[in-house]
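# Breakdown of the fold
What follows is each chain in one-letter form.
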Amino acid sequence: ILSLDSVRLDQVAARFGTPTYVYSWDAIEARYQELVGAFKNTRHRICYAMKANSNLAILHHLNQLGSNFDIVSGGELERLMVADISPSRAIFSGVGKSVSEIDFALKAGIGCMNMESTAELKRIETRAHLLGKIAPVSVRLNPDVDVDTHPYLSTGLRQNKFGVAEPEALEMCRHAHQSQNLEILGLGCHIGSQINQTAPFIEALDHLIKLTHQLSGEGIDVEHLDLGGGLGISYANEVELDVGAYAAAISEKLK
């Protein structure tokens, strides 16, 4: 009899009908705790990407574990708030933030907004000024890092639509630092999904660290580096990313 976490799925189907989506909380928690353990000796913040699954029960349980959250829409922010999770624990990513979403996030007290372009910087700055707010922001760098994944899952190459090149990232950070309505908190990147090697993450991190040192030399200090990318898992015969080696390599770079 087919079951999941000791729950018989035929009984689930009989009770709720089909199709019904069933998730393994044990698997989600184990993955989260694996990451927490791997980074136990390094200051870190794990953000659950809600675009993967915004089920309210999953959000509630992750919140209890101490997770933070990465969102890409106003709807996801609203779901966090329905789950009684503070918007201050969320990073608002994504290339298509509307004016109404920016306003909603600023009024709610979003933790940080990832800026994907100079145009978006100006849009956030304008809305913050009109609302009398100081927007906490970060800049998404496109590190031009190639990864061995499906082309549709790659997000860190120059030809991808995500993030900005280093010269523009520097100018955006400088502008935010001088702005009365922006507070520059961090730098980030996202190089793709289903990545099963550590090397691309480290190459991307090197770019972030280099940019951080350049900004620090100009008196601009950032408090966090957001190293994005989906850790590869085994769907069939794929090699899973070694989380321990991944965490150790990142931690070594940040010493």
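Quantities reported herein were computed from a predicted structural model and do not represent experimental measurements. (Residues numbered from 1 in each chain as written. Predicted model: local features only at pLDDT ≥ 70, side-chain atom pairs only at ≥ 80, totals over all residues. Heavy atoms only, no water.)

Across its full length, the protein carries 9 helices and 9 strands. Computed over the C-alpha atoms, the radius of gyration of the protein is 19 Å, within 12% of the 18 Å expected from 2.2 N^0.38 for a compact globule of 255 residues. Dimensions of the protein along its principal axes, counting C-alpha atoms only, are 65 × 40 × 35 Å. Considering only intrachain contacts with a sequence separation of at least 6, the fraction spanning at least 24 residues in the protein is 60%. Both charge centroids of the protein, one from 22 positive and one from 31 negative side chains, sit 4 Å from each other. (Helix = DSSP H or I, 4+ residues; strand = E, 2+ residues; numbered from the N terminus. Rg over C-alpha atoms; globule rule 2.2 N^0.38 Å. Contact = heavy atoms within 4.5 Å. Lys, Arg positive; Asp, Glu negative; His and termini not counted. Charge placed at Lys NZ, Arg CZ, Asp CG, Glu CD.)

Attention now goes to the pairing of strand S4 (residues 68-71). Regular strands place side chains that alternate from one sheet face to the opposite one. Here S4 shows no split at all, with Asn-68 and Asp-70 on one side and Phe-69 and Ile-71 on the other all buried. Taking the sense of rotation as the criterion, the β-α-β connection linking strand S3 (residues 47-49), helix H3 (residues 56-65) and S4 turns out right-handed. As paired strands, S4 and strand S5 (residues 90-92) are joined by 3 bridges and run parallel to one another. By the bridge assignment, Asp-70 is partnered in S5 with Ile-91. Crossover S4 to S5 through helix H4 (residues 74-82) is right-handed. (Buried < 20%, exposed > 50% of the residue type's maximum accessible area, 1.4 Å probe, protein only. Right-handed = clockwise from strand over helix to strand, strands pointing away. Pairing = 2+ DSSP bridges.)

Considering all chains together, one arrives at 10 salt bridges under this definition. Across the salt bridge formed by Glu-218 and Arg-174, the nearest N and O atoms sit 2.7 Å from each other. Of this pair, Glu-218 sits in the loop between helix H8 (199-217) and strand S9 (224-228) while Arg-174 sits in helix H7 (residues 166-178), placing them 44 residues apart in sequence. On the basis of relative accessible area, Arg-174 is assigned to the partly exposed category, the value being 25%. Here Asp-206 makes a salt bridge to Lys-253, at a shortest N to O gap of 2.9 Å. Here Lys-253 lies in helix H9 (residues 243-253) and Asp-206 lies in helix H8, a separation of 47 residues in the sequence. Classification of Lys-253 by relative accessible area gives partly exposed; the value is 37%. The network of salt bridges with shared partners includes Glu-171, Arg-174 and Glu-218. (Salt bridge = Lys/Arg side-chain N within 4 Å of Asp/Glu carboxyl O.)

All right, on to the packing of H4 against helix H5 (residues 99-108) then. For any two helices packed against each other, one specifies the inter-axial angle together with the distance between the axes. Relative orientation of the contacting elements H4 and H5 amounts to 30°, with a least axis distance of 9 Å. One way to sum up the angle between H4 and H5 is to call them roughly parallel. Handedness of the H4/H5 crossing: left-handed. Note on element contacts: H5 touches H4 through Glu-101, Phe-104, Ala-105 and Ala-108, opposite Gly-74, Leu-77, Glu-78 and Met-81. Looking at side-chain class alone, the contact of H4 with H5 contains 5 nonpolar, 1 polar and 2 charged residues. (Axes fitted to C-alpha atoms, helices over the stretch in contact; angles between N-to-C directions. Parallel < 35°, antiparallel > 145°, perpendicular 65-115°, else oblique. Left-handed = near helix turned anticlockwise from the far one by under 90°. Nonpolar A, V, L, I, M, F, W, Y, C, P; charged D, E, K, R; others polar.)

With the rule as written, the count across this model stands at 3 aromatic pairs. For the pair Tyr-48 and Phe-69, a centre-to-centre distance of 6.5 Å together with 85° between the ring planes defines the contact as edge-to-face. With Tyr-48 in strand S3 and Phe-69 in strand S4, this pair connects stretches of sequence that are 21 residues apart. Neither Tyr-48 nor Phe-69 differs from the other in exposure class; each is buried. Ring centres of Phe-201 and Tyr-246 lie 5.0 Å apart, and the angle between their planes is 70°; on these two criteria the pair is classed as edge-to-face. (Phe/Tyr/Trp six-rings, centres within 6.5 Å; stacked < 30°, edge-to-face > 60°.)

Burial along strand S6 (residues 112-115) is two-sided: the face carrying Cys-112 and Asn-114 and the face carrying Met-113 and Met-115 are both buried. At this point the chain moves from S5, through H5, to the parallel S6, and the crossover so formed is right-handed. By the bridge criterion, 3 bridges tie S6 to strand S7 (residues 135-140) in an arrangement that is parallel. For Met-115, the partnering residue across the bridge sits in S7 and is Val-139. Taken together, S6, helix H6 (residues 118-131) and S7 constitute a β-α-β crossover, and its handedness is right-handed.

A few words on the sheet that holds S5. Across the sheet, which stays open at both edges, the 7 strands sit in the order S3-S4-S5-S6-S7-S8-S9 with parallel pairing between neighbours. The sheet is open, and its two borders are formed by S3 and S9, each paired with just one other strand. Going across the sheet, the axis of each strand differs from the next one's by a mean of 30°, ignoring polarity. Relative to S4, S3 is paired through 3 bridges, and the arrangement is parallel. In the strand pairing of S4, Cys-47 is matched with Asn-68. Running over the sheet, H8 touches strand S8 (182-190) and S9 and is turned about 155° from S9.

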